[in-house]
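Here's the letter readout for the chains.
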Amino acid sequence: MPRSASGGRHELGQNFLHHRPTLHRITSLVSDTSGAILELGAGDGALTARLAQLNRPVTAIDIDEHRVARLRRSLPGVRVDHADVLAHPLADPVIVGNLPFHLTTPIFRRLLGRRSWRTAILLTQWEVARKRAGVGGGTMMTAQSAPWFAFDLAGRVPSWGFAPQPSVDGGIIRISRRDEPLVPDHERSAYTFFVRSVFTGRGGSLGTLVSRAARVDRNRAERVLRDAGVHGDGRPRDLRPEHWATLWRGLR
């Protein structure tokens, strides 16, 4: 296939999924949702063809114009757009895709800042999927988003299930928008700043970090931590979404 004007396969971060159990798993997860589907990075269309069989509106985007042209010919029932995942509107209820590993973080940030979609089923690096799902401890990005989204680790993908084969395994993560957020939408900016202040604070116990971030005395911070069921000798990564929401309500 000719080289894309956007770069070669390496520059585009393309690792095409051909692992049939994973293709079936992702399609099954999507089938449990409802509404139109947007696939990010369709590539050779291995997943696109399966999504098309769900008899729902499907839009597939890819930055490689040659693959877009081929998919348009092979899947006439699917809308295939030549588009950049970092610029295309994320407006469909269901977002699905095998993400370019080097663009995972900016895609996540962009996705979690949009209000229109309901469910996202994404294939990322295994460690990224684990961290986003809070396995082994949460990340700042997950904690900042958790009042509005639930993260679920939905499977591991062997590295040999991609072509070319990456150096790490992949992981499937499902992100669902909460019907009732744990923190009101209008407080999101202030809450996000609070979480960042806790994660980036230096030295001291969790009570000290929280008191500095919320600008309250340490006794109050430790009392709110106890009310939330959090041990003062823990770390920010140990807090669950419900902990963060309870802290916020007690300290705002």
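Not measured: the values here are computed from a predicted model.

(A) Fine view of the overall build of the protein. From N to C terminus, the protein includes 11 helices and nine strands. Looking at the 252 residues of the protein, the share that counts as buried comes to 52%. On the protein, roughly 12200 Å² of surface is accessible, and the fraction owed to carbon and sulfur atoms is 49%. Computed over 37 positive and 23 negative side-chain charges, the inter-centroid distance for the protein is 2 Å.

(B) Broad picture of the packing of aromatic side chains. Following the criterion strictly, the structure yields seven aromatic pairs and no others. Consider the rings of W148 and Y191, whose centres lie 5.7 Å apart with planes at 70 degrees: the pair is edge-to-face. Taken together, the positions of W148 in the loop between α7 (140-145) and β7 (149-157) and Y191 in helix α8 (residues 188-200) put the pair 43 residues apart, joining distant regions of the chain. Residue W148 shares its accessibility class with Y191, and that shared class is buried. Every member of this aromatic cluster is reached through a ring pair, and the members are W148, Y191, F194, F199, W244 and W248. Here the basic side chain of R177 rests over the ring of W117, its NZ or CZ set 4.9 Å away from the ring centre.

(C) Highlighting the nonpolar core. Core analysis: the largest hydrophobic core is formed by 46 residues, its most contacted members being L40, F108, I175 and F194. Of all the elements, helix α11 (residues 241-251) adds the most residues to this core, at five residues. The residues contacting I175, other than those within four sequence positions of it, are F108, L112, W117, R118, T119, A120, L122, F149, A150 and F151.

(D) Expanded view of the confidence of the model for the protein. In the predicted model, the protein carries a mean pLDDT of 92, and 94% of its residues have values of at least 70. For the stretch residues 8-12, pLDDT sits under 50, and the model shows 14 contacts to residues farther than four places along the chain or on other chains.

(E) Structural view of the pattern of salt bridges. Overall, the coordinates contain 12 salt bridges when judged by the stated rule. With a closest N to O distance of 3.4 Å, R67 and D64 form a salt bridge. With a relative accessible area of 3%, D64 lands in the buried category. The residue D179 makes a salt bridge to R118 at a minimum N-O spacing of 2.7 Å. Within this pair, whereas D179 is found in the loop between β9 (170-177) and α8, its partner R118 is found in the loop between α5 (104-112) and β6 (119-125), the two being separated by 61 residues in sequence. Judged by its relative accessible area of 65%, D179 falls in the exposed class. Via salt bridges that share partners, D44, D64, R67 and R70 belong to a single interconnected network.

(F) Looking closely at the packing of helix α10 (residues 218-227) against α11. Two elements in contact, α10 and α11, have axes whose closest approach is 9 Å; the angle formed by their N-to-C orientations is 140 degrees. One finds that α10 runs oblique with respect to α11. Relative to α11, the crossing made by α10 is right-handed. Of the residues in α11, those touching α10 at R220, A221, V224 and L225 are T246, L247, G250 and L251.

The rules behind the values
Residues numbered from 1 in each chain as written. Predicted model: local features only at pLDDT ≥ 70, side-chain atom pairs only at ≥ 80, totals over all residues. Heavy atoms only, no water. Helix = DSSP H or I, 4+ residues; strand = E, 2+ residues; numbered from the N terminus. Buried < 20%, exposed > 50% of the residue type's maximum accessible area, 1.4 Å probe, protein only. Areas by Shrake-Rupley, 256 points an atom, 1.4 Å probe, with all protein chains shown as cover. Lys, Arg positive; Asp, Glu negative; His and termini not counted. Charge placed at Lys NZ, Arg CZ, Asp CG, Glu CD. Phe/Tyr/Trp six-rings, centres within 6.5 Å; stacked < 30°, edge-to-face > 60°. Lys NZ or Arg CZ within 6 Å of the ring centre and 35° of its normal. Core = buried A, V, L, I, M, F, W, Y, C linked by side-chain atoms within 4.5 Å. Contact = heavy atoms within 4.5 Å. pLDDT = per-residue confidence, 0-100. Salt bridge = Lys/Arg side-chain N within 4 Å of Asp/Glu carboxyl O. Axes fitted to C-alpha atoms, helices over the stretch in contact; angles between N-to-C directions. Parallel < 35°, antiparallel > 145°, perpendicular 65-115°, else oblique. Left-handed = near helix turned anticlockwise from the far one by under 90°.

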